[in-house]
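Descriptive analysis of the structure
The residues making up each chain are set out below.
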Amino acid sequence: MNYISQIVEYIRKAQELASKHGIRNLLQPGMVKELIIADILGHEVHRTKHEPDAWDPNDPSKKFEYLTCFERGTFQLDRMFKSPAGKRAKSLERITRNLSIYCAVFEEKSPLNVIKIYKIGVQVFLREVERQLDASRNQISHVGITVRWCEKNGEVVYNNKTG
């Protein structure tokens, strides 16, 4: 069996296991990293898009959003509306529906390894997102949150940095 066949076989097995737990598409964007973060934090993951990324298995009303980036990257919220007001409110629900926002930094050389996870309060995160939207000249923006901002405004809840 060549390496491509082996990779495909492992992916098929992983999808089979995921399907048994309600995850229809393991390879949908972000799902694998969401599973990795949820495993570290003891959360349960949502099976579909357009929902919070995870929730507390002991209290499903406690919902969480996950953002990821590599070591020298920026966390990003795509397609956030500055206006009109209704679309802005709907965009901001991606933040306000949650108990906390978690920003996970992944290792570039080993992209399934988490280096750090920051927990950010929803109101603190919301203020920064609104500040960026207000400053934007575009109706639709990508909001970027730096690792440095997370260091200053969040709490490290996982640290796996070696060396």
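Structure's up top.
An account of the accompanying structure is given in this report. (Residues numbered from 1 in each chain as written. Predicted model: local features only at pLDDT ≥ 70, side-chain atom pairs only at ≥ 80, totals over all residues. Heavy atoms only, no water.)

**Thoughts on the nonpolar core**
Burial of nonpolar side chains together is a common tendency in soluble globular proteins. Among the nonpolar cores identified, the biggest contains 23 residues, and Phe 75, Ile 95, Cys 103, Phe 125 and Val 129 are the most heavily contacted of them. The set of elements that each furnish at least two residues to this core consists of strand E3 (59-70), strand E4 (74-81), helix H3 (85-96), strand E5 (100-106), strand E6 (114-121), helix H4 (122-135), strand E7 (140-146) and helix H5 (147-153). No other element matches the 5 residues that H4 contributes to this core. Beyond its immediate stretch of four places on either side in the chain, Phe 125 contacts Leu 67, Leu 77, Ile 95, Ile 101, Cys 103, Ile 120, Ile 145 and Trp 149. If you look at the next biggest cluster of nonpolar residues, it comprises 16 residues, including Ala 18, Met 31, Ile 36 and Val 114. (Core = buried A, V, L, I, M, F, W, Y, C linked by side-chain atoms within 4.5 Å. Buried < 20%, exposed > 50% of the residue type's maximum accessible area, 1.4 Å probe, protein only. Helix = DSSP H or I, 4+ residues; strand = E, 2+ residues; numbered from the N terminus. Contact = heavy atoms within 4.5 Å.)

**Focus: helix H2 (residues 31-41)**
Of the positions making up H2, those classed as buried are Met 31, Glu 34, Ile 36, Ile 37 and Ala 38. Where H2 is buried, its residues meet strand E1 (44-45), E3, E5 and E6.

**Here we look at the pattern of salt bridges**
Under the criterion given, the structure shown has 6 salt bridges. Between Glu 44 and Arg 47 there is a salt bridge whose closest N-O contact spans 2.8 Å. For Glu 44, a relative accessible area of 28% translates into the label partly exposed. For Arg 47, a relative accessible area of 24% gives the class partly exposed. The residue Lys 90 makes a salt bridge to Glu 93 at a minimum N-O spacing of 3.9 Å. Of this pair, Lys 90 and Glu 93 are both found in helix H3, 3 residues apart, which corresponds to roughly one turn of the helix. (Salt bridge = Lys/Arg side-chain N within 4 Å of Asp/Glu carboxyl O.)

**Examining the pairing of E3**
Sheet topology note: the strand E2 (residues 54-56)/E3 ladder contains 3 bridges and is antiparallel. Opposite Asp 56, over in E3, you have Asp 59 as the bridge partner. Counted between consecutive antiparallel strands, the loop separating E2 from E3 contains 2 residues. (Pairing = 2+ DSSP bridges.)

**Focus on the sheet that holds E2**
Strand pairs in the sheet, formed through backbone hydrogen bonds, run parallel or antiparallel to each other. Pairing is mixed across the open sheet formed by 6 strands, whose spatial order is E1-E2-E3-E5-E6-E8. Because the sheet does not close on itself, it has two edges, and the strands there are E1 and strand E8 (155-159). In this fold H4 packs onto E3, E5 and E6, with an angle of close to 90° to the strand it touches most, E6. (Axes fitted to C-alpha atoms, helices over the stretch in contact; angles between N-to-C directions.)

**So, the side chain of Asp 56**
Note on placement: Asp 56 falls in strand E2. In terms of polar contacts, Asp 56 uses its side chain to reach the backbone amide nitrogen of Asn 58, at 2.7 Å. In this structure, Asp 56 is in contact with Lys 62 and Phe 64, ignoring residues within four places of it in sequence. (Polar contact = N/O pair within 3.5 Å; in protein donor to acceptor, adjacent residues only side chain to side chain.)

**Side note on the environment of Thr 74**
Considering the arrangement of structural elements, one finds Thr 74 in strand E4. Taking C-alpha positions, Thr 74 is 18 Å from Arg 94, a pair spaced 20 residues apart along the chain.

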